[in-house]
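# Coordinates in review
Listed below, chain by chain, are the residues.
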Amino acid sequence: MRNRTTTPYVLVLPAWIWLALFFVVPIAGMLSLSLTTGDVITGFQQTFEVGNYVTAVSTYWEQILRSLFYGACATLVCIAVGYPMAYWIAFRAGPHKSTYLLLILLPFFVSFVLRTISWRFLLADNGVLLGTLKSIGLAPADLQVLNSTPAVVLGLAYNFLPFMVLPIYAVLERMDPRMVEAAHDLYAGRIQAFVRVILPVSLPGVFAGVLMTFIPTSADYVNASVLGGTHNTMIGNVIQSQYLVNNNYPIAASITFVLMGLLLVGIFGYARALGTERVMEVHT
Amino acid sequence: MKHPSRAHLDPALLRGLTRRRTLQAGGAAAAALALSACGVGGQQRDPQADEDFWAGKEETGSLRWANWPLYMDPDRTQLTQFKESTGIDVDYHEDVQEAASFFGQIQPKLANGDDIGYDLMTLPNGFEFAKLVELGYVVPLDHARMPNFADYAGDLYKNSAYDPGNRYSVPYASGVTGIAYNPEFVDREITSLADLWDTAFEGKVGMFADPQEIANFGLLLNGVNPAESTKEDWEAAAERLREQRESGVVRAYYDQDFIQPLTNGDLWLTMAWSGDIYQQNMEEGTDLRFVIPEEGGTIWTDNLLIPFTSKAPIDALKLMDFLYEPEIATGLTEYISYIPPVPHAQEVMNEWADAEGDSERGEALADMAKSPLVFPGEGDYQKLHYYVALEPGEQDEFSSIFQAITQS
């Protein structure tokens, strides 16, 4: 009897230890760090300096907003590209589903930074893509894609695409095909069947996909530093240089919390709008 | 800071970059944790401890060295020679991928007085160097044990502004920051910093993201000597750099990966490090040009330092001194193609070239011995300036003035 009541707690213990060690402790440490003053030389004193947050927001609001905007754009691109992919694999790929899934994941066996750098070769002014287009007269000779906003957004979308495809695929794949048949029996055309049956069923997958792309893309710094130009700095780049170049840990920690707060608020608002029940369905 | 860019020449590049990124993230997390965990009191070490650091220290027969990637040939020839000459084993680590993240890694350990895993390390003159000295984390050298340094180090490499009297460091190698351009795209001779501001090169100019590097170019364009610059000068320099950015001439601010865009025409001219251009031309057969601008350029030095937690300081001193033997310095330079602090190496290199005759190596050695990128002449040196010397307290202000340009 006793055993039976304690077993669930014992089972959940590793998860708790994991969370405590690698989430709660660092977060608490970062929070306390964000409220300190000082520098590396004299040490950082716990002064509960809220001014760090004011400095962080007033200095870097532009980079913060830009990051959220890039994250949103990349997420939309991921939906536009990823949804049809997931749909096709779930309904049309027949016996080769796992092959196609593997193909989607294949580039991800290569390091993230390396994949991003390879876009530099692809998008170079006289490279494989632009060089060819220019030489056959399909693009103006001075066209430049690399080191611009579109390059960063496309890089982000490319790097996080599977995180959109997989959850949508998981939902669509589980869908009972008889629901679509039923829709057709009730005189729904293909478009109507999609809009009124398939799309609502797949929304939890889209929701999960949005979370899994929007959050990391907004906080990314590799794409902006490899593919960006002079006005593409994202907040991740700022955090990175505050930590590692300036050793200004309090400001770096404050920006981190501001970003985290904005993302949380955004996600809760988004979850509200889509309906929480559907959110819960994602993992059923 | 400079050297990993050499990795562009081979697949190690991408691995190197990946590793660097990983390290950065790891370093930040480690630093944040350590800082928060210990409440972060005063971190400075008692300067009194330096006085008798060397008393009772003995040779241990082995030492651990943290150096930059590709900063010694893969056979570690100089270390083998060191072992033959002294019997000391060197455990060599290519662990310094970037000065700032390396500092982030070792700082929490040094604050606790813990072993950082290295007895000797190579770092550029710059913010991290100044912080280590200010914090008392590196030991003053015992020059009585360094006869080669006294005999062979060039005057310019003794008694630098960033480390008067070589109290804490001796140079490992130096490089020049100037302008590199690709004559395939630029059809005139580039001579001046003003060329980097020329809107004829719209979207084709590369600048460095590093605050210390970019500051010097803004200051020199304004005719200000970086060594004597004031806060007003920094702001005026930043204004020039802002104009340059807003005119659309700058394509991007680069950390270290400017070689490939310069080669393929994404960049036509860029701030660049001398050694990188030299190696690219040697190994890839490109015809990139490197100039020290008439307004002046920057010279930087990577230095050997001993952390106070070193377990083998005597061995480290011996190695430092060993690297100043002209033959050893020459061998090292032949591979890394950065400027040796031993001027005598030029002579030795010419002797080697003569001995080799017409072989490929002989020609390469003769070319290198002639090259002003590896052995700058008097006139070149007169145009070269070190980074703005900053007190640790001024660094934040300085960095934010220039990061406002590069991180918009």
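What you see as residue numbers is a count from 1 along each chain, following the sequence as written. Lettering for chains starts from A, numbering for ligands starts from 1, and both go in the order in which the items are written. Only residues with pLDDT of at least 70 get local features here, since the model is predicted, and only at 80 or more are side-chain atom pairs given and counted; chain-wide, interface and lining totals rely on the full set of residues.

## Thoughts on the overall build of chain A
Each helix corresponds to a stretch of at least 4 residues labelled H or I by DSSP, and each strand to a stretch of at least 2 residues labelled E; elements are numbered beginning at the N terminus. Of the regular secondary structure elements, chain A holds 12 helices and two strands. In sequence order, the secondary structure elements of chain A are arranged as α-β-β-α-α-α-α-α-α-α-α-α-α-α. Each principal axis of the C-alpha atoms in chain A carries an extent, and together these give about 80 × 75 × 35 Å. Burial in this document is a count-based property: other C-beta atoms within 10 Å of a residue's C-beta are tallied, and the residue is buried at 20 or more, exposed at 12 or fewer, or partly exposed in between, with C-beta positions derived from the backbone. Evaluated residue by residue, chain A yields a buried proportion of 37% over its 284 residues.

## A word on the domain arrangement of chain B
Residue and element names in this part refer to chain B. Here chain B is partitioned into domain 1 (11–174 + 299–375) and domain 2 (177–298 + 393–406). Placing a centre on the C-alpha atoms of domain 1 and another on those of domain 2 gives a separation of 27 Å. At the junction of the two partners, domain 1 supplies 11 residues and domain 2 supplies 10 residues. Classification convention: Asp, Glu, Lys, Arg as charged; Ala, Val, Leu, Ile, Met, Phe, Trp, Tyr, Cys, Pro as nonpolar; all other residues, Gly among them, as polar. Class assignment for the residues of the side of domain 1 that touches domain 2 results in eight nonpolar, three polar and no charged. Domains are outlined according to an automatic or database domain assignment. Contact between two residues is assigned when their C-beta atoms, built from the backbone, lie within 7 Å.

## Looking at the packing of helix α8 (residues 190–219) of chain A against helix α11 (residues 249–274) of chain A
Residue and element names in this part refer to chain A. The axes used here are C-alpha line fits, helices contributing only the stretch in contact, and every angle between their N-to-C directions lies in the interval 0 to 180 degrees. Close contact between α8 and α11 brings their axes to 11 Å; oriented N to C, the two are set at 165°. Looking at the two axes, α8 sits roughly antiparallel to α11. Crossing geometry of α8 relative to α11 is assigned as right-handed. Residues Leu203, Phe207, Leu211, Ile215, Ser218 and Ala219 of α8 pack against Leu259, Leu263, Ile267 and Leu274 of α11. Taken together, the residues that form the contact of α8 with α11 break down as nine nonpolar, one polar and no charged. Angular relationships are summarised with four words: roughly parallel below 35 degrees, roughly antiparallel beyond 145, roughly perpendicular across 65 to 115, and oblique for the angles in between. In this scheme the crossing of two helices becomes right-handed for a clockwise turn of the near helix relative to the far one and left-handed for an anticlockwise turn of less than a right angle.

## What about the environment of valine 374 of chain B?
Residue and element names in this part refer to chain B. Within the secondary structure, valine 374 is located in the loop between α13 (360–370) and α14 (378–382). The sequence separation of valine 374 and histidine 93 amounts to 281 residues, and the corresponding C-alpha distance is 25 Å. Those residues within four positions of valine 374 in sequence are excluded, and the remaining contacts are Tyr278, Thr333, Ser337, Ile339 and Met368.

## Re unusual backbone geometry
Residue and element names in this part refer to chain B. Its identity as a non-glycine residue notwithstanding, leucine 70 has a phi of 55°, on the positive side. As for its position among the elements, leucine 70 is in the loop between β1 (62–66) and α2 (77–86). At asparagine 166, a residue that is not glycine, the phi angle is positive and equals roughly 45°. Within the fold, asparagine 166 resides in the loop between α5 (147–152) and β4 (169–181).

## Examining the packing of helix α2 (residues 51–92) of chain A against α8 of chain A
Helix-helix packing is described using two parameters, namely the angle between the two axes and the distance between the axes. Residues and elements named next belong to chain A. α8 packs onto α2 with a crossing angle of 140° between their chain directions and a minimal axis gap of 8 Å. Here α2 lies oblique to α8, going by the angle between them. Here α2 and α8 pass one another in a crossing that is right-handed. Judged by residue contacts, Ser67, Leu68, Tyr70, Gly71, Ala72, Ala74, Thr75, Cys78, Ile79 and Gly82 of α2 engage Val206, Gly209, Val210, Thr213, Phe214, Thr217 and Ser218 from α8. Taken together, the residues that form the contact of α2 with α8 break down as nine nonpolar, eight polar and no charged.

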